[in-house]
Structures are given as structure tokens and as C-alpha cells.
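# Remarks on the overall topology
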Amino acid sequence: MLRAKPRWPRPSGRRSGPPPTGPICSARLAEFGELGQATADPRAPFVLVRHADAAGLRERLRAEGIAVRRGDTFPGLDARWLRLAVRDRATTDRLVRALAGLGVR
């Protein structure tokens, strides 16, 4: 027996779900002068940050239970860059508290 294919609604240009948190994440990270940011679109699913000791910061964040990606695996970025996934406000708040607790200014 053949079943009819479901008719999925077409995209209407509107996003469903909660509003994007990229601008919130970018604004919160801007509180830290040591972190240079280079994310062209604040609605992107990630934020790129630069730090003089990115590898050390990544390891210290990992010890706090926060995973961030190395930036040097992306074309055009070097070992000073980290890629942070944009998550909900609670996760962003946790990241900000961890950065402050690790002495990032």
C-alpha cells in the first residue's frame, strides 16, 4: 500500500522558536576587553573570539565543563582564535561567569 507524502509547510521567512541569542552572547562577551571578537553576523550560530592564550583558556574552560572549539582548524584563523557556539541565555551566563572566574578581563 502506498502512502501519500506528507505536505510540509513551506518556509514563510519567519523563524520559529525563541529569538536568536547571538546578539546577547556577543554583547555579554564584549564585557571582556581581552577577548577580541570577529563575528560578522550576530545572528550566526557561533562567536569567534581572539585571546593571547587561546589554548590555555580553552583548557581552563574545559576544566570548568565548558567546551569551545579551536579556531586554527578554520581557514584564515590561527591559534589565537576560539569558536564559541551560541546557546541559550543560561549557558551564556555560565560562560561569562567562568571567564570572569578564570581572570579574563
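Our structure is the block above this text.
### Considerations on the layout of surface pockets
Once rolled over the atoms, a probe with the size of a water molecule shows which space is left empty. Size it by volume and the largest pocket reaches roughly 180 Å³. Taken together, Cys25, Ile66, Ala67, Val68, Leu84, Ala85, Arg87, Thr91, Thr92, Arg94 and Leu95 make up the lining of the largest pocket. Looking at the lining of the largest pocket, the elements with two or more residues in it are strand S4 (81–85) and helix H3 (89–101). Broken down by element, the residue count for the lining of the largest pocket peaks at four residues, all from H3. For the lining of the largest pocket, the per-class residue count stands at seven nonpolar, two polar and two charged.

### Re the pattern of salt bridges
Evaluated as defined, the whole model comprises seven salt bridges. When the shortest N-O distance is used, the salt bridge between glutamate 59 and arginine 62 registers 3.5 Å. Of this pair, glutamate 59 and arginine 62 both sit in helix H2 (residues 54–63), three residues apart, roughly one helical turn. The class for arginine 62 is partly exposed, based on a relative accessible area of 47%. Connected through shared salt-bridge partners, Arg28, Glu31 and Asp93 make up one network.

### Remarks on the side chain of threonine 92
In this fold, threonine 92 is placed in helix H3. Residue classification places threonine 92 among the buried positions, given a relative accessible area of 5%. Not counting residues within four places of it along the chain, the set of residues in contact with threonine 92 comprises Cys25, Arg28 and Arg87.

### Describing H2
Among all positions in H2, only Ala54, Gly56, Leu57, Arg58 and Leu61 are buried. Buried residues belonging to H2 abut strand S3 (69–70), S4 and H3. In the segment just after H2, glycine 65 is the residue with positive phi, at about 85 degrees.

The rules behind each value
- Residues numbered from 1 in each chain as written.
- Predicted model: local features only at pLDDT ≥ 70, side-chain atom pairs only at ≥ 80, totals over all residues.
- Heavy atoms only, no water.
- 1 Å grid on protein atoms, 1.4 Å probe; cavity = no way out; pocket = protein on both sides within 12 Å on 5 of 7 lines; lining within 4 Å.
- Points joined across faces, edges and corners; volume = space filled by probe spheres on them.
- Helix = DSSP H or I, 4+ residues; strand = E, 2+ residues; numbered from the N terminus.
- Nonpolar A, V, L, I, M, F, W, Y, C, P; charged D, E, K, R; others polar.
- Salt bridge = Lys/Arg side-chain N within 4 Å of Asp/Glu carboxyl O.
- Buried < 20%, exposed > 50% of the residue type's maximum accessible area, 1.4 Å probe, protein only.
- Contact = heavy atoms within 4.5 Å.

On their own, these measurements won't tell you what the molecule is for.
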